[in-house]
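A structural walkthrough
Now for the letters of each chain:
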Amino acid sequence: MSLNKVMLIGNVGRDPEVRYLDGNSAGSAGTKVATFTLATTERYRDRNGESRENTEWHNIVAWRNSADLAERFIRKGTQIYIEGKLRTRSYTDSTGVKKYTTEVVADNIQLLGRRTDGEDAGAPAGGYQPQGQPRQYGDSQPARQYGEPQVQYQPAQPVQPAAPAGEDPSDDLPF
C-alpha cells in the first residue's frame with residue numbers, strides 16, 4: 001500500500017499561467033493546464049525566544065476544471081487550500097542538461113477569503129482577499145470546493161447539561 005497526498009494552505013506567488021495542450025483537428029483548444037506558485041510560511045520561536053519564519057515555495061499544476069478555476073479566480077496574493085499529489089518529472093533544458101522538478105498536481109482547490117470590494121463575481125480580473133472565514137462568491141455562501149457539490153454547514157447547537165439525579169432544574173430559586 002502507498003499514499004501520495006499533499007494538503008497546503010498558502011498565498012499564490014504569481015498569476016496562473018494557462019496553456020492548452022494537444023488540440024485536435026476539429027478546432028478544439030485541447031486540454032487546459034494552469035501553473036503557478038504557492039508560498040507556505042511556518043512561524044516558530046528559536047532557542048533564544050525570537051520569532052522566526054520559514055517560507056517554502058511550491059510549484060502547482062492544475063488540469064482541466066481546476067485550471068479553469070485558477071484562470072478565472074486565482075491571482076497573485078490569493079489565499080487558497082490545495083489538495084493533491086507530488087509528481088517529480090525530468091526535462092532537458094536549452095543547454096542539453098537534464099533537470100528535475102517536483103510539482104503538486106492539484107486534485108481539489110478551495111479559495112480562502114472573499115472577493116475584494118467593487119468586483120463583479122464573474123470578472124476574471126482581481127481575485128480574492130484573505131479574510132478570517134473561507135468564502136467564495138461573496139459573503140453569503142461558504143467556500144466551495146471546485147468539482148464537488150456545495151454543502152451548507154450549520155453551526156452546532158450548544159448542549160445543555162443534564163440536571164443531577166433527584167433535582168428539579170425548574171426549582172432553582174434561592175429562597
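Overview of the structure. Along each chain, numbering runs from 1 in the same order as the chain's sequence is written. With pLDDT at 70 or above as the cut-off, local features in this predicted model cover only qualifying residues; side-chain atom pairs require 80 or more to be listed or tallied, and sums for whole chains, interfaces and linings still use all residues. Working from all heavy atoms in the structure, the side-chain values ignore hydrogens and water.

1. Brief notes about the overall build of the chain
Our working definition: Numbering goes from the N terminus for both helices and strands, where a helix is a DSSP run of H or I of at least four residues and a strand is a run of E of at least two. Relative accessibility under 20% of the residue-type maximum defines a buried residue, over 50% an exposed one, and the middle range a partly exposed one, all with a 1.4 Å probe and only protein chains included. By definition in these notes, contact holds between two residues if any of their heavy atoms fall within 4.5 Å. For every accessible area listed, the method is Shrake-Rupley and the probe measures 1.4 Å; residues are considered covered only by the protein chains on display.
In terms of regular secondary structure, the chain is built from 1 helix and 8 strands. The secondary structure elements of the chain, listed N-terminal to C-terminal, are β-β-β-β-α-β-β-β-β. Residues classed as buried in the chain amount to 29% of the 175 residues present. Contacts spanning at least 24 positions in sequence make up 54% of the contacts within the chain whose residues lie at least 6 apart. Total accessible area computed for the chain in this model is approximately 12200 Å², and 47% of it derives from carbon and sulfur atoms.

2. Points about the pattern of salt bridges
Which entries qualify depends on this criterion: By definition here, a salt bridge exists when the distance from a side-chain nitrogen of Lys or Arg to a carboxyl oxygen of Asp or Glu is within 4 Å.
The final tally for this structure, using the stated rule, is 10 salt bridges. Measuring nitrogen to oxygen at the nearest pair gives 2.8 Å for the salt bridge that ties Glu-83 to Lys-5. One end of the pair, Glu-83, is in strand S5 (residues 79-92); the other, Lys-5, is in the segment before strand S1 (6-12), with 78 residues separating them in the sequence. A relative accessible area of 16% places Glu-83 in the buried class.

3. Considerations on the layout of surface pockets
So the rule is basically this: Definitions used for this entry: grid spacing 1 Å over protein atoms alone; cavity, a set of points where a 1.4 Å probe fits but cannot get out; pocket, an open set with protein on both sides within 12 Å along at least 5 of 7 lines; lining residue, one with an atom within 4 Å of a point. Grid points are joined across faces, edges and corners, and a volume is the space filled by probe spheres set on the points. Three residue categories are used. Nonpolar comprises Ala, Val, Leu, Ile, Met, Phe, Trp, Tyr, Cys and Pro, charged comprises Asp, Glu, Lys and Arg, and polar comprises the others, including Gly.
For the largest pocket, the calculated volume is near 180 Å³. Looking at the lining of the largest pocket, the elements that each hand over two or more residues are strand S2 (17-21), strand S3 (31-45), strand S4 (51-63), S5 and strand S6 (98-112). In terms of residue count, S4 provides more of the lining of the largest pocket than any other element does, 4 residues in total. For the lining of the largest pocket, a count of residues per class yields 6 nonpolar, 3 polar and 5 charged.

4. Remarks on unusual backbone geometry
Positive phi values are uncommon outside glycine, yet Arg-64 reaches one of about 50°. Secondary-structure assignment places Arg-64 in helix H1 (residues 64-73). Its relative accessible area of 53% is what places Arg-64 among the exposed residues.

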